[in-house]
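One-letter residues, chain by chain:
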2 protein chains.
Amino acid sequence: MGGDDAPEMVIQGAQIARTRLPHVDFLLFGDQAKLEPLLEQHPDLRPACRIRHTDQVVTGDDKPSQVLRTGRQSSMWMAVDAVSQGDAAAVVSAGNTGALMAVSKFVLRMLPGIDRPAIAGFFPTRHGESVMLDLGANVDCSARNLVQFAVMGEVFARIVLGIEQPSVGILNVGSEELKGNDAVRSASAVLRTGALPIKFHGFVEGNDIAAGTVDVVVSDGFSGNIALKSAEGLARLYATFLKEAFSSSWLAKIGYLLARSALVKVKLRTDPRRYNGAMFLGLNGIAVKSHGGTDAVGFANAIGVAVELVTHGFNERIKRELERVNSDEASAQVAAL
Amino acid sequence: MGGDDAPEMVIQGAQIARTRLPHVDFLLFGDQAKLEPLLEQHPDLRPACRIRHTDQVVTGDDKPSQVLRTGRQSSMWMAVDAVSQGDAAAVVSAGNTGALMAVSKFVLRMLPGIDRPAIAGFFPTRHGESVMLDLGANVDCSARNLVQFAVMGEVFARIVLGIEQPSVGILNVGSEELKGNDAVRSASAVLRTGALPIKFHGFVEGNDIAAGTVDVVVSDGFSGNIALKSAEGLARLYATFLKEAFSSSWLAKIGYLLARSALVKVKLRTDPRRYNGAMFLGLNGIAVKSHGGTDAVGFANAIGVAVELVTHGFNERIKRELERVNSDEASAQVAAL
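About the cut-offs
- Residues numbered from 1 in each chain as written.
- Chains lettered and ligands numbered in written order.
- Predicted model: local features only at pLDDT ≥ 70, side-chain atom pairs only at ≥ 80, totals over all residues.
- UniProt positions renumbered as here; feature names shortened; annotations may be inferred.
- Helix = DSSP H or I, 4+ residues; strand = E, 2+ residues; numbered from the N terminus.
- Rg over C-alpha atoms; globule rule 2.2 N^0.38 Å.
- Buried ≥ 20, exposed ≤ 12 C-beta atoms within 10 Å, placed from the backbone.
- Contact = placed C-beta atoms within 7 Å.
- pLDDT = per-residue confidence, 0-100.
- Least-squares fit on C-alpha atoms with pLDDT ≥ 70 in both.
- Expected span 1.5 Å × (residues − 1).
- Pairing = 2+ DSSP bridges.
- Axes fitted to C-alpha atoms, helices over the stretch in contact; angles between N-to-C directions.
- Nonpolar A, V, L, I, M, F, W, Y, C, P; charged D, E, K, R; others polar.
- Left-handed = near helix turned anticlockwise from the far one by under 90°.
- Core = buried A, V, L, I, M, F, W, Y, C linked by C-beta atoms within 7 Å.
- Domains from an automatic or database assignment.
- Parallel < 35°, antiparallel > 145°, perpendicular 65-115°, else oblique.

In the annotation of an unreviewed UniProt entry, the entry for chain A reads phosphate acyltransferase, and the organism field reads mine drainage metagenome. The Subunit (unreviewed entry) field of the UniProt record for chain A holds the comment "Homodimer. Probably interacts with PlsY." As recorded by UniProt, the Catalytic activity (unreviewed entry) comment attached to chain A reads in full: "a fatty acyl-[ACP] + phosphate = an acyl phosphate + holo-[ACP]".

Trainee: Break down the overall build of chain A for me, with residues and values.
Mentor: The helix and strand tally for chain A stands at 13 helices and 10 strands. Its C-alpha atoms give chain A a radius of gyration of 21 Å, within 12% of the compact-globule value 20 Å for 337 residues. The principal-axis extents of the C-alpha atoms in chain A amount to approximately 60 × 60 × 35 Å. The buried share among the 337 residues of chain A stands at 55%. Residue pairs in contact within chain A that sit at least 24 positions apart in sequence constitute 71% of those at least 6 positions apart.

Trainee: Can you explain the confidence of the model for chain A? Please cite residues and give values.
Mentor: Residues and elements named next belong to chain A. With 96% of its residues at a pLDDT of at least 70, chain A reaches an overall mean of 90. Averaged over each element, pLDDT in chain A is lowest for helix α13 (residues 330-336) (64) and highest for strand β8 (residues 216-218) (98). Among the scores for the predicted complex, ipTM is 0.87 and pTM is 0.89.

Trainee: Mind laying out the relation of the copies chain A and chain B, listing which residues take part and the relevant values?
Mentor: When chain A is fitted to chain B, the best match, at an RMSD of 0.0 Å, comes from turning it 180° and sliding it 0.0 Å along the axis. The symmetry that links the two subunits is that of a two-fold axis. Nearest to the rotation axis, the C-alpha of Gly255 of chain A is located 1.8 Å from it, this being the minimum over chain A. Of the interface residues in chain A, 100% have counterparts in chain B that sit at the interface too, so the contact is made through matching surfaces.

Trainee: Please provide a residue-by-residue account of helix α10 (residues 250-269) of chain B, values included.
Mentor: What sets the pattern is the α-helix's 3.6 residues per turn: residues three or four places apart point alike. Over its 20 residues, α10 of chain B runs 27 Å from end to end, which matches the ideal 28 Å to within 8%, given 1.5 Å per residue. Listing the buried residues of α10 of chain B in full gives Ala252, Gly255, Leu258, Ala259, Ala262, Leu263 and Val266 of chain B. Summarising the contacts, the buried residues of α10 of chain B are in contact with α9 (221-246) and α10 (250-269) of chain A together with α9 (221-246) of chain B.

Trainee: Got a sec to walk through the sheet that holds strand β3 (residues 90-93) of chain A? Specific residues and values, please.
Mentor: Residue and element names in this part refer to chain A. Taking strand neighbours across the sheet as the criterion, the eight strands line up as β3-β10-β9-β4-β5-β8-β6-β7 in an open arrangement whose pairing is mixed. Every other strand in the sheet has two partners, leaving β3 and β7 (199-204) as the edge strands with one partner each. Looking at each pair of strands side by side, their axes are set apart by 25° on average, direction ignored. Looking at chain direction, strand β6 (residues 167-171) and β7 are connected through five bridges and run parallel.

Trainee: Outline the interface of chain A and chain B, listing residues and values.
Mentor: Facing 54 residues of chain A, the contacting portion of chain B comprises 54 residues. Looking at the side of chain A that touches chain B, the elements with two or more residues in it are β4 (118-125), α8 (206-211), α9 and α10 of chain A. Residue contributions to the side of chain A that touches chain B peak at 22 residues, all from α9 of chain A. When its residues are assigned to classes, the side of chain A that touches chain B shows 29 nonpolar, 16 polar and nine charged.

Trainee: Help me get a handle on the sheet that holds strand β8 (residues 216-218) of chain B, residues and values and all.
Mentor: All names here are of chain B. Strand order in this open sheet of eight strands is β3-β10-β9-β4-β5-β8-β6-β7, and the pairing throughout is mixed. Looking at the sheet topology across the chains shown, the edges are occupied by β3 (90-93) and β7 (199-204). Sheet twist, expressed as the mean angle between neighbouring strand axes with direction ignored, is 25°. Taken together, the four bridges between β3 and strand β10 (residues 286-289) define a ladder with parallel strand orientation. Residue Ser93 lies in a different strand from β10, and its bridge partner there is Lys289.

Trainee: Let's hear about the packing of α9 of chain A against α9 of chain B: which residues, and what values?
Mentor: The contact between α9 of chain A and α9 of chain B brings their axes to 8 Å, and the two run at 35°. You can see that α9 of chain A and α9 of chain B cross each other, and the crossing is right-handed. For the pair α9 of chain A and α9 of chain B, contact is made by Phe222, Ser223, Ile226, Ala227, Ser230, Ala231, Gly233, Leu234, Ala235 and Tyr238 of chain A and by Phe222, Ser223, Ile226, Ala227, Ser230, Ala231, Gly233, Leu234, Ala235 and Tyr238 of chain B, respectively. For the contact of α9 of chain A with α9 of chain B, the class distribution of residues is 14 nonpolar, six polar and no charged.

Trainee: So what's going on with the nonpolar core? Which residues, and what values?
Mentor: Nonpolar side chains tend to gather and get buried jointly when the protein is soluble and globular. Residues Ala120 of chain A together with Ala120 of chain B are the most contacted members of the largest nonpolar core, which totals 224 residues. Apart from residues lying up to four places away in sequence, Ala120 of chain A is in contact with Val131, Met132, Leu133, Leu135, Gly153, Phe156, Ala278, Met279 and Leu281 of chain A.

Trainee: Residue-level account of the domain arrangement of chain A, with values.
Mentor: All names here are of chain A. Per the domain assignment, the segments of chain A are domain 1 (8-115 + 277-312) and domain 2 (122-273 + 317-336). Contacts between the two partners involve 18 residues from domain 1 and, on the opposite side, 15 residues from domain 2. Contributions of two or more residues to the side of domain 1 that touches domain 2 are made by β9 (278-281) and α11 (296-311). Here the side of domain 1 that touches domain 2 takes six residues from α11, the largest share from any one element. A per-class count over the side of domain 1 that touches domain 2 returns nine nonpolar, six polar and three charged.

Trainee: How would you summarise the environment of Ile254 of chain B if you had to cite specific residues and measurements?
Mentor: Residues and elements named next belong to chain B. Its location among the elements puts Ile254 in helix α10. The exposure class of Ile254 is partly exposed, given the 15 C-beta atoms found within 10 Å. Placed 155 residues apart in sequence, Ile254 and Ala99 show a C-alpha to C-alpha distance of 48 Å.

Trainee: Explain the pairing of β10 of chain B residue by residue, including any values.
Mentor: It is a general feature of regular strands that their side chains alternate between the two faces of the sheet. Residue and element names in this part refer to chain B. Residues Ile286 and Val288 line one face of β10 and the alternating positions Ala287 and Lys289 line the opposite face, and both faces are buried. By the bridge criterion, two bridges tie strand β9 (residues 278-281) to β10 in an arrangement that is antiparallel. Note that in β10 the partner of Met279 across the bridge is Val288. Here β9 folds back onto β10 in antiparallel fashion, the turn holding four residues, of which Gly282 has a positive phi close to 100°.

Trainee: Just give me the short version of the packing of α10 of chain A against α9 of chain B, but keep the residues and values in it.
Mentor: Between α10 of chain A and α9 of chain B, the shortest axis-to-axis distance is 9 Å and the interhelical angle comes to 150°. Considering their axes alone, α10 of chain A and α9 of chain B lie roughly antiparallel with respect to each other. With respect to the hand of their crossing, α10 of chain A and α9 of chain B are arranged in right-handed fashion. For the pair formed by α10 of chain A and α9 of chain B, the contact residues are Ala259, Ala262, Leu263, Lys265, Val266 and Arg269 of chain A on the first element and Phe241, Leu242, Ala245 and Phe246 of chain B on the second. A per-class count over the contact of α10 of chain A with α9 of chain B returns eight nonpolar, no polar and two charged.

Trainee: Give me the lowdown on unusual backbone geometry, citing residues and values where you can.
Mentor: Residues and elements named next belong to chain A. Here the residue pair Ala6 and Pro7 is connected by a cis peptide bond, since its omega of 0° sits within 30 degrees of zero. By the secondary structure assignment, Pro7 is in the segment before α1 (8-20). With a phi angle near 65°, Arg109 is a residue other than glycine that sits in the positive phi range. Judged by local crowding, Arg109 falls into the partly exposed class, with 13 C-beta atoms found within 10 Å.

As structure tokens, then:
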């Protein structure tokens, strides 16, 4: 029931995902009276779906604390709970991010060895895609949090982007060791020792994100969220300027028509729907947050991310990785942070 | 002597600035043997310039602390000192940012009522330009710092962008009052009272920067630097994608030629040289930092910013504004931060 155009968009997204991933079944949580007629329009999808009815819905304005107190019968809570009960392998929602994070933390709990969850997302780069985390789950982060994000982000990039040995960088205001706050400097000092099984690049700056300098960009949730949204804002501005330029004269309009197929490729490369599906890393269960304003194609991509993480046993790999970290000489350093 | 292509670029920049601002004279600090032959190539500029010779140069790798200890004879220090002595009305440098800030703070001192300086810069938006600060002078900022940045940024936007009553926003991870860290929440609470003579919009998110939601974006130096550079990185990525698209086929190439004059306008609107010239606000003197990698046109723009701030008595207006703030009912709140 979450997202600007829910539940229509969600059902259509499931339909698209189903054609791509015919082995996936869906549990739909929400108002049966609304969901049933929508499903009837998709006879291919219908047999793959079961509806679990509830009237209660978490809105975009609901405070996470309030949802934790009174939201147990909401479609969001029931969907997360289905993962905790083993009824679902993953939950995908386009609803209230803060509420989804709070409920997921409460119901699924953290993975052993992880102190705080992180939101990870994708970013288009010169070379393809990179992973960035945290995108807003934690306003303040300690060095210890950042090191754990590095471990989780690295496994995430291996699984979802298929990069064998992803390089990891910490977002900072300069590349020199002395730059930045205590958290980034201490985290970098630990990763720099090479004791953790991570290809650590060092510090990266804001412009390195789109340049693709590293495969995984680690950051606190405050700066990470601001970095991502600043870049999104500039992409939108650039697109607006181009649109205005191409409609500013007859010559420009003809020029656009001739270059159209090439320009459509640029649009596809930077299409936010392609990068939809932010993963809540560090939880004892797979939870993927779709952008609330996405369409069915974007939602289907978010479902795709969830399926990939389940298929590749993401959380089991994180657990193994953390055991390696803990049995490692670096563990003392990480623990001391 | 500072900047990637100094001193040639600096002299050429002065030449361009001189044609735009024929009343401006220049004091050039650096190696006379290098500067003199360069000046001879510009007979129009020569009479407007005096050279103050020094061999010592601050490099991009020099640590600010080291420059403070041993850099008194450097061209950078001498240039800043000329402002403090009243020989120059402003200093413009494309050199080491950290060193320039450290020397400027040490030599010029802070304006009364300002605890920390901020670096302010421009950003292209949907509606024109906005001002953003701090862009990296302070990694950690208190609420009190942010409120002072708001006051300085507001006056800066009035003078340099000519906006009568600029709107001010604080950069955050969400627009709701409860979002973010203590510093942004407390600063917002003070500005929200309306007791300060500032048109306060509230919180803005990363995407609001390019959208031009507010005229002045206030942020700590860590997030501000990352936001600006992330957006720059994405702009560069977009430009690369477009370039590849327009050279991907004959049709696209012809399309580019037809749309060329419209596309050049987009390039100009987003040209980083247009937005060159970051101001060090809060110092008892005008200091403008040019991007180290800029060219002569960009450097001339940085000179233009400095001249505008001098002409409009920027620091006097800041002082008056701070007196208004201090005589105001909000002063108790600001002081209590």
